[in-house]
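# Inside the fold
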Amino acid sequence: MKIVLVAGARPNFMKIAPIIQAIKKYNRQHKNRIRWQLVHTGQHYDYIMSKVFFKDLEIPQPDIYLGVGSGTHSQQTARVMMEFEKVLFREKPNLVMVVGDVNSTLAAALSAAKLNIPIAHIEAGLRSYDRRMPEEINRVVVDVLADYLFTPTIDANENLKKEGIPKEKIFLVGDVMVDTLLKLKTKSQKSKILRKLNLRRGEYALLTLHRPSNVDYEENFLKIISALKEISRRIPIVFPAHPRTRKNMEKFKMGRIKEGGIHLLEPLGYLDFLQLMMNSKFVMTDSGGMQEETTVLNIPCLTLRDTTERPMTITQGTNILVGNDTKKIIKEAEKILNKNRDSDHFSYPALWDGKAAERIVSVIATMK
Ligand code: UD1
């Protein structure tokens, strides 16, 4: 059996890493039965957006690098398809495995589907029901095309069933991103980032922000910044900023954000970032993955979005949706700052146990 695994953008790397490890483990026990190749599309290409994750997550060098780079959604998707199709013609895999919901995920799945190559989608079934998000379009299309849909939570199974996906194709396996987090939690404690930034446990908030809906529109961005300025009077905010966000800060002349209690940093690698997240008082973010990671770490998370495709982080986790509503962001941050957190009810979804990737590989191994 020959599998091509595809990764392209930052949030893909932590999902692909445990799958590769699980395939290697399977192969040790089954005479290298699964042949596999890793394709990096090059959607993210900076050291800090890509290479550092290969190092931190111990992912082997990609076998094939497509080098597609940035562009509009159509350009980026089309470039991945054109390059990936050549790989498929040449390598003739029995299965293409895609993770998450970025443009590379969509493009690779489309190319495979057109060549009638079976597709496995990891992190299937997540829905925000907001089609203004590019990721939502990617999720819906990839799930329609996929033959094996590996879901992280039971609500994802329900979403897929409502869309008419046959239940034989759906496998509830848990969350591969949690596999990575649990594996690297101890190692991340060795990071020197807290010391380097002169921070102490529980005495800062951590912020990430990069959704187009928040950072591409000056009005929305300013509403969030107003809240941050207010919150930073009470607690320093550490802000590793995504390249998209930085570019827009320059465009909107937001340089003064650096004054006061908001500490603007370059994006960080996985281990440094995990240490920062684990030791923060709370997190503010518009990322998908961090809603899950804070839930597992039992760190309060204010999600700067109106919807989430990960509702179990609210019902069973630490997540609260605050959108870009200045008052709401401040109010919820103050609630966290004013009370000592009650960690008695700590829980997180079933199967977020570090074994999702092994479950995926055991399903794949039964493929004819
Ligand atoms: C992509 C994903 C998003 C994910 C995010 C994490 C899609 C539709 N979106 O968004 O789901 O949460 O990655 O980062 O696939 N850039 C650099 N260096 C890089 C990569 C990008 O400077 O290595 C800049 C470029 O100017 C580029 C911009 O960032 O135009 C946006 O990159 P892109 O891959 O288009 O989307 P992201 O916003 O990163």
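Remember, predicted model here, so these are calculated numbers, not experimental data. (Residues numbered from 1 in each chain as written. Predicted model: local features only at pLDDT ≥ 70, side-chain atom pairs only at ≥ 80, totals over all residues. Heavy atoms only, no water.)

Let us look at the domain arrangement of the protein chain. Assigned domains of the protein chain: these are domain 1 (2-175 + 352-364) and domain 2 (186-337). Computed over C-alpha atoms only, the centres of domain 1 and domain 2 are separated by 27 Å. Of all residues in domain 1, Ile-48, Asp-56 and Trp-352 give up the largest surface area on contact with domain 2, accounting jointly for 26% of the area buried on that side. Here domain 1 is connected to domain 2 by 4 salt bridges. Linking Glu-123 and Arg-310 is a salt bridge whose minimum nitrogen-to-oxygen distance equals 3.2 Å. Counting across the interface, domain 1 meets domain 2 through 6 residue pairs in polar contact (both at pLDDT 80 or more). (Domains from an automatic or database assignment. Buried area = accessible area lost by both parts, 1.4 Å probe. Salt bridge = Lys/Arg side-chain N within 4 Å of Asp/Glu carboxyl O. Polar contact = N/O pair within 3.5 Å; in protein donor to acceptor, adjacent residues only side chain to side chain.)

Strands sit in the order S3-S2-S1-S4-S5-S6-S7 across an open sheet of 7 strands; the sheet is parallel. Both outer strands of the open sheet, strand S3 (64-65) and strand S7 (170-172), are each paired with one neighbouring strand and no more. (Pairing = 2+ DSSP bridges. Helix = DSSP H or I, 4+ residues; strand = E, 2+ residues; numbered from the N terminus.)

Turning to the packing of helix H4 (residues 103-114) against helix H5 (residues 134-145), a few remarks are in order. The geometry of a pair of packed helices is captured by two quantities: the angle between their axes and the separation between those axes. At a minimum axis separation of 9 Å, H4 and H5 run at an interaxial angle of 25°. The orientation of H4 with respect to H5, classified from their angle, is roughly parallel. The way H4 lies across H5 gives a crossing that is left-handed. Here H4 contributes Asn-103, Thr-105, Leu-106, Ala-109, Leu-110 and Ala-113 to the contact with H5, which in turn contributes Asn-138, Val-141, Val-142 and Leu-145. For the contact of H4 with H5, a count of residues per class yields 7 nonpolar, 3 polar and no charged. (Axes fitted to C-alpha atoms, helices over the stretch in contact; angles between N-to-C directions. Parallel < 35°, antiparallel > 145°, perpendicular 65-115°, else oblique. Left-handed = near helix turned anticlockwise from the far one by under 90°. Contact = heavy atoms within 4.5 Å. Nonpolar A, V, L, I, M, F, W, Y, C, P; charged D, E, K, R; others polar.)

In the vicinity of the ligand lie 20 residues, with His-44, Asn-103, Glu-135, His-210 and Lys-247 positioned nearest. Between the ligand and Tyr-45, the relevant distance is 2.9 Å, taken from an oxygen atom to a main-chain nitrogen or oxygen of the residue. Separating an oxygen atom of the ligand from a side-chain N or O atom of Arg-244 is a distance of 2.8 Å. Relative to its free-state accessible area of 740 Å², the ligand is covered by the protein chains to the extent of 89%. The set of elements that each furnish at least two residues to the shell around the ligand consists of helix H1 (10-29), helix H3 (73-91), H5 and helix H11 (243-251). Broken down by element, the residue count for the shell around the ligand peaks at 3 residues, all from H11. When grouped by side-chain class, the residues that make up the shell around the ligand number 6 nonpolar, 8 polar and 6 charged. Both domains that furnish three or more residues to the shell around the ligand are identified here as domain 1 (2-175 + 352-364) and domain 2 (186-337). (Near = heavy atom within 4 Å. Areas by Shrake-Rupley, 256 points an atom, 1.4 Å probe, with all protein chains shown as cover.)

Right, let's get into the side chain of Asp-286. Examined against the element boundaries, Asp-286 turns out to sit in the loop between strand S11 (282-285) and helix H13 (289-297). We note that Asp-286 is buried and unpaired, the nearest opposite charge coming from Arg-211 at a distance of 4.8 Å. In this view, Asp-286 contacts Thr-208, Leu-209, His-210, Arg-211, Asn-214, Leu-304 and Arg-305; residues no more than four positions away in its chain are not counted. (Buried < 20%, exposed > 50% of the residue type's maximum accessible area, 1.4 Å probe, protein only. Lys, Arg positive; Asp, Glu negative; His and termini not counted.)

Its identity as a non-glycine residue notwithstanding, Asn-32 has a phi of 50°, on the positive side. Along the chain, Asn-32 turns up in the loop between H1 and strand S2 (35-40). For Asn-32, a relative accessible area of 56% corresponds to the exposed category. Its identity is not glycine, yet Glu-58 carries a phi of approximately 55°, on the positive side. With respect to the element layout, Glu-58 can be found in the loop between helix H2 (47-56) and S3. Exposure remark for Glu-58: the relative accessible area of 47% places this residue in the partly exposed category.

A word on the sheet that holds strand S9 (residues 237-240). Strand-to-strand pairing in sheets goes through backbone hydrogen bonds, with the strands running parallel or antiparallel. The 6 strands lie next to each other as S10-S9-S8-S11-S12-S13, forming an open sheet whose pairing is parallel. Edge positions in the sheet fall to strand S10 (262-265) and strand S13 (319-321), since each of these pairs with one other strand and no more. For this sheet the average axis-to-axis angle between neighbouring strands, irrespective of direction, equals 20°. Taken together, the 3 bridges between strand S12 (residues 301-303) and S13 define a ladder with parallel strand orientation.

Looking now at the environment of Val-87. Along the polypeptide, Val-87 turns up in helix H3. Separated by 177 residues in sequence, Val-87 and Leu-264 have C-alpha atoms that sit 40 Å apart. Apart from the residues lying within four places of it in its own chain, the contact partners of Val-87 are Val-39, Ile-64, Leu-66 and Lys-92.

With that out of the way, let us pick up empty space enclosed by the protein. Across all of its chains, the model carries 3 cavities of 30 Å³ or more by this definition. Here the largest cavity is characterised by a volume of approximately 60 Å³. In terms of lining, the largest cavity is formed by Ala-17, Pro-18, Gln-21, Leu-57, Glu-58, Asp-179, Thr-180, Lys-183 and Leu-184. Mapped onto the lining of the largest cavity, the elements with two or more residues apiece are H1 and helix H7 (176-188). It is H7 that contributes the most residues to the lining of the largest cavity, 4 residues altogether. When the residues that make up the lining of the largest cavity are grouped by side-chain class, the tally is 4 nonpolar, 2 polar and 3 charged. Reported here for the second largest cavity is a volume of approximately 50 Å³. In terms of lining, the second largest cavity is formed by Leu-126, Pro-152, Thr-153, Asp-155, Glu-292, Glu-309, Arg-310, Pro-311, Met-312, Thr-313 and Trp-352. (1 Å grid on protein atoms, 1.4 Å probe; cavity = no way out; pocket = protein on both sides within 12 Å on 5 of 7 lines; lining within 4 Å. Points joined across faces, edges and corners; volume = space filled by probe spheres on them.)

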